[in-house]
Amino acid sequence: MTAATIISGKQISEEIRKGIALEVEQLSKQNIRPGLAVVLVGDDPASHVYVRNKEKACQDLGFYSEVHRLAAESSEDEVLALVDKLNAQASIHGILVQLPLPKHIREKAIIDAIAVEKDVDGFHPVNVGNLVIGDDSLLPCTPAGVIEMIKRTGIQIAGKHAVVIGRSNIVGKPVALLLQRENATVTMCHSKTHNMAEIASQADILVVAIGRANMIDASYVKPGAIVIDVGMNRLESGKLAGDVDFESVKEVSGPITPVPGGVGPMTITMLMQNTLLAAKRLNGLN
Ligand code: NAP
């Protein structure tokens, strides 16, 4: 068997970012600069890293950006007041509230308060509803990145059997909906699924988002299948591992994403693309 092709999220991201940078340059001629506001509440170390990466992506691409770092003990009303202000601010086209929030703040209340047209995370119920219906909406970033990576393998999605393992609101469910939109036949698996290896090994496209390091080995994979690993698990050694046992699976699979360097880089790139799209729409373009 020939070695599986590695789908490089890093490389695809770079290609997409070049296109975004060109559009930013074009928009600047009309005095439009995409603007992203990130709200970070509390001291979660991982969240601080994610926010810094988003800030850097904005700088690299010529976006305007604001990062609002609020103390962990900030009240829900304080966060809501900030979201309201950003909703009304013309220089901001995308608002992202970094999750998780401290326990005393209801995530749903905050997400619901973000203006639908500035909801670049795609988590607002109206954007989720439009995704379900099949109407145009701002798509959640990680699922949008997953679909983009599958498309860039050049393998047609329509008519294929796709299996999605994991059914979270932020990854599994929207990935399944987007695959269905691309005319795949979709099966979803979760923690209560029986015979998961048998089901997964029928998939032409296998997307895994469960949060269990290296759980999916070659017995879950049909020879030649596309395998997308969304998992990001920090091992005791400090190393990052996916949900897929990359070493064994790449021996049987078709194109496969690595961790790191797979889905991860795509997520921020899709956030930038959403902010660009929101900026165009809020300025009556597109
Ligand atoms: P989540 O909210 O914890 O959901 C996990 C899903 O996996 C649930 O639907 C759960 O089933 C299912 N599951 C758990 N254990 C399972 C098992 N043994 N067999 C079958 N299904 C199982 O997680 P998430 O937010 O979707 O994230 C999943 C992974 O993706 C995590 O590693 C996360 O860090 C990573 N992630 C990466 C990015 C990125 O940018 N690369 C973005 C988001 C998430 P039930 O519904 O039955 O409980």
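Residues numbered from 1 in each chain as written. Predicted model: local features only at pLDDT ≥ 70, side-chain atom pairs only at ≥ 80, totals over all residues. Heavy atoms only, no water.

**A short note on the environment of methionine 266**
You can see methionine 266 is positioned in helix α10 (residues 263-282). What makes methionine 266 buried here is its relative accessible area of 0%. For methionine 266 and valine 41, which are 225 residues apart along the polypeptide, the C-alpha to C-alpha distance reads 24 Å. (Helix = DSSP H or I, 4+ residues; strand = E, 2+ residues; numbered from the N terminus. Buried < 20%, exposed > 50% of the residue type's maximum accessible area, 1.4 Å probe, protein only.)

**Looking at the domain arrangement of the protein**
Partitioning the protein into domains gives domain 1 (30-115) and domain 2 (141-264). The C-alpha-based centres of domain 1 and domain 2 are spaced at 29 Å. (Domains from an automatic or database assignment.)

**Side note on the sheet that holds strand β1 (residues 35-41)**
The strand order across the open sheet formed by three strands is β2-β1-β3, and the pairing between neighbours is parallel. Both edges of this open sheet fall to β2 (64-70) and β3 (94-97), since each of them pairs with a single strand only. The mean inter-strand angle of the sheet, taken between neighbouring strand axes irrespective of direction, is 15°. Inspection of the sheet shows β1 paired to β3 by four bridges, in the parallel sense. The partner of valine 39 across the bridge, within β3, is valine 97. Running over the sheet, helix α3 (residues 76-88) touches β1, β2 and β3 and is turned about 170° from β2. (Pairing = 2+ DSSP bridges. Axes fitted to C-alpha atoms, helices over the stretch in contact; angles between N-to-C directions. Contact = heavy atoms within 4.5 Å.)

**Section: the site of the ligand**
Near the ligand there are 21 residues, and of these Arg167, Ser168, Ser191, Met232 and Thr267 occur at the shortest range. Arginine 167 places a polar side-chain atom, nitrogen or oxygen, 2.7 Å from an oxygen atom of the ligand. Interatomic distance of 3.0 Å between a backbone N/O atom of methionine 232 and an oxygen atom of the ligand. The fraction of the free accessible surface of the ligand (930 Å²) that becomes covered by protein chains is 73%. Here the shell around the ligand gets three residues from one element, more than from any other, and that element is α10. Tallied by class, the residues present in the shell around the ligand amount to nine nonpolar, ten polar and two charged. (Near = heavy atom within 4 Å. Polar contact = N/O pair within 3.5 Å; in protein donor to acceptor, adjacent residues only side chain to side chain. Areas by Shrake-Rupley, 256 points an atom, 1.4 Å probe, with all protein chains shown as cover. Nonpolar A, V, L, I, M, F, W, Y, C, P; charged D, E, K, R; others polar.)

**Topic: the side chain of glutamine 98**
You can see glutamine 98 is positioned in the loop between β3 and α4 (107-113). Since its relative accessible area comes to 7%, glutamine 98 is described here as buried.

**Comments concerning the packing of helix α5 (residues 125-133) against helix α7 (residues 172-181)**
Packed helix pairs are characterised by how far apart their axes lie and by the angle those axes make with each other. At a minimum axis distance of 9 Å, the contact between α5 and α7 shows a crossing angle of 35°. Residues Asn130, Leu131 and Val132 of α5 form the contact with α7, whose participating residues are Pro174, Leu177, Leu178 and Arg181. Residue classes in the contact of α5 with α7 are distributed as five nonpolar, one polar and one charged.

**Quick look at the UniProt feature "binding site: NADP(+)" (unreviewed entry) in the protein**
Under the feature "binding site: NADP(+)" (unreviewed entry), the UniProt entry names Gly166, Arg167 and Ser168. With respect to the element layout, glycine 166 can be found in the loop between β4 (161-165) and α7. Glycine 166 has contacts with Gly172, Met188, Cys189, Ala209 and Ile210, leaving out every residue within four places of it along the chain. Within the fold, arginine 167 resides in the loop between β4 and α7. Filtering out sequence-adjacent residues up to four positions away, arginine 167 remains in contact with Gly172, Lys173, Met188, Cys189, His190 and Lys192. (UniProt positions renumbered as here; feature names shortened; annotations may be inferred.)

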